[in-house]
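# Descriptive analysis of the structure
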Amino acid sequence: MNLKNFKYFNLLAEYLFKQEVEKPIAKARAPIYFEKQEYLSLPDQSIDRELSLENLKTIIEEIPKTTSPKFFNQLFGGRQDDATIGELLSVLMNNSMYTYKVSGVLSIIEKNIIDKIISLINFGQNAGGTFAPGGSMTNLMGMIMARDNACPSAKQEGVFQKLITYTSDASHYSIPKNASIIGLGKENVRLVNTLDNGKMSVAALETEIKKDLESSHKPMIINATAGTTVLGSFDSIEEISKIAKKYNIWLHVDGAYCGAVFFSEKYKKLIKGVEKADSFSFNAHKMLGTPLSTSLIFVKNKEHLYHSFDISAEYLYQTQDDDYNLGKISLQCGRRNDSLKLFTLWQSLGKNGLEKIINHLFDMAKIAKSYIENNKDYTSYSYENSLSICFNYKNIDPVLLCTKLYEEGELVVGYGEFKNQKFVRLVIVNSNNGEKEILDFFKSIENFAKKLELSQTS
Ligand SMILES: *Cc1c(COP(=O)(O)O)cnc(C)c1O
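Keep in mind it's a predicted model, so treat the numbers as computed, not measured.

## Section: the overall build of the protein
Assigned secondary structure in the protein consists of 15 helices and 11 strands. Taken over the C-alpha trace, the protein has a radius of gyration of 24 Å; the compact-globule value for 458 residues is 23 Å, and the two agree within 12%. A principal-axis box enclosing the C-alpha atoms of the protein has dimensions of 65 × 60 × 45 Å. Looking at the 458 residues of the protein, the share that counts as buried comes to 52%.

## Quick notes on the packing of aromatic side chains
By the definition in use, this model includes 22 aromatic pairs. Ring geometry for phenylalanine 280 and phenylalanine 298: centres 6.4 Å apart, planes at 25°, overall stacked. One end of the pair, phenylalanine 280, is in strand E6 (residues 279-283); the other, phenylalanine 298, is in strand E7 (residues 295-299), with 18 residues separating them in the sequence. Like phenylalanine 280, the residue phenylalanine 298 is buried in the burial classification. Sitting above the plane of the tyrosine 33 ring, arginine 29 keeps its charged end 3.9 Å from the centroid. It is lysine 300 that lies over the ring of phenylalanine 123; its NZ or CZ is 5.3 Å from the centre.

## Things to note about the layout of surface pockets
In this structure, the largest pocket occupies an estimated 1,100 Å³ of space. As for the largest pocket, its lining consists of 34 residues, and the residues nearest its centre are Leu16, Phe17, Arg79, Thr84 and Leu88. Elements that contribute at least two residues to the lining of the largest pocket include exactly helix H1 (3-22), helix H3 (49-62) and helix H4 (81-93). Of all the elements, H1 adds the most residues to the lining of the largest pocket, at 9 residues. Taken together, the residues that form the lining of the largest pocket break down as 20 nonpolar, 9 polar and 5 charged. The volume enclosed by the second largest pocket comes to roughly 370 Å³. Mapped onto the lining of the second largest pocket, the elements with two or more residues apiece are helix H7 (135-150) and strand E5 (250-255). Here the lining of the second largest pocket gets 3 residues from one element, more than from any other, and that element is H7. A class-by-class count of the residues in the lining of the second largest pocket yields 7 nonpolar, 14 polar and 3 charged.

Rules used throughout
- Residues numbered from 1 in each chain as written.
- Predicted model: local features only at pLDDT ≥ 70, side-chain atom pairs only at ≥ 80, totals over all residues.
- Heavy atoms only, no water.
- Helix = DSSP H or I, 4+ residues; strand = E, 2+ residues; numbered from the N terminus.
- Rg over C-alpha atoms; globule rule 2.2 N^0.38 Å.
- Buried < 20%, exposed > 50% of the residue type's maximum accessible area, 1.4 Å probe, protein only.
- Phe/Tyr/Trp six-rings, centres within 6.5 Å; stacked < 30°, edge-to-face > 60°.
- Lys NZ or Arg CZ within 6 Å of the ring centre and 35° of its normal.
- 1 Å grid on protein atoms, 1.4 Å probe; cavity = no way out; pocket = protein on both sides within 12 Å on 5 of 7 lines; lining within 4 Å.
- Points joined across faces, edges and corners; volume = space filled by probe spheres on them.
- Nonpolar A, V, L, I, M, F, W, Y, C, P; charged D, E, K, R; others polar.

Encoded structure:
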């Protein structure tokens, strides 16, 4: 990069960092506001540097600040500087991961990360893995491998049989969406009942399987969730794996939200039995805070990756053996590098530092949970070991509260629903936040509610 351009970039980065501190919540605006802004128009003639710099600064001012200590809305947030440096370098280097010839040392970095995690989750000698653009896509890869396993002719001839997917009614929407994408049909996804704590009912799972077998349908995959999107519950992988084994069904563990607990000696118990799964996926961009997206999938037997994703293309694969041409096991053709950011974070913190991030998040969640449980103005809807702290404050409608908090630029937090109960969902996933930020969150809500009541009565 021309050094002059890099200085221009530096200016913008500095402006962003300053804004993040001074204005951690951007003004809430309707889309129509932006549609009318001249600075977003696409001109016929080039505009000068100064003006484009001003335009980009305005965009920076307006952007929702996901790095802010007041942002609790999503299952990601904050910024890990060392991971961000790796990501920025990836952008500058601009490699593609499909062949060793163009990815070089990056393919070794990717393989080292995969191998290290395979050993941490005890997936064994024959395991393999890869990166994909997001947790929905790693779930897609798991489902494709399960389909080709249940029905080996599917790849060639298509699917002519009812292949059934089992997942809990609290699992991520990508499961039924993927069933539709790969031609299985959403109707063939059984949304298995959850217990009150958000975990899949294993008894209900077995009942559903038996019903399908009686109707001569073919069970294809059981998806267990490690950290459900709303409640942050962990399905009992150990128990579910017994059912998977009994009926010979592929077991996938969707750990997009909280699968990274395997880094922690203290919390890896939450995914106990994961080594019995056929595939496991997690997002490092959620609990570990790497930039979006850093999604990995692991498979017990890497032959499945080759069986489902290897298409021979001689124009592309001209050197090295398949082990280093990572495109052979990829969902994509060109694939950006998503491993360097995890590598730079891992090198700077060590595995012990990654473990500390996981433990810290659970510590913060405990502080939040005990705060609401010790304050009679709050109703708690959360369970043990969850990073999603769900609650209502006084009798305030959570939808109204979250909307007002956003519109007034107070806090960015969302609401969720479980078994017909709506509540505020405080997501504890930004490890830059400490006890102060968590307690400030509640203080903001309390002060804001007081103000809201005042303005309603006046
Ligand atoms: C976030 C999430 C996903 C989707 O991950 P993306 O990276 O956003 O595609 C899938 N499953 C669960 C349980 C999630 O929380």
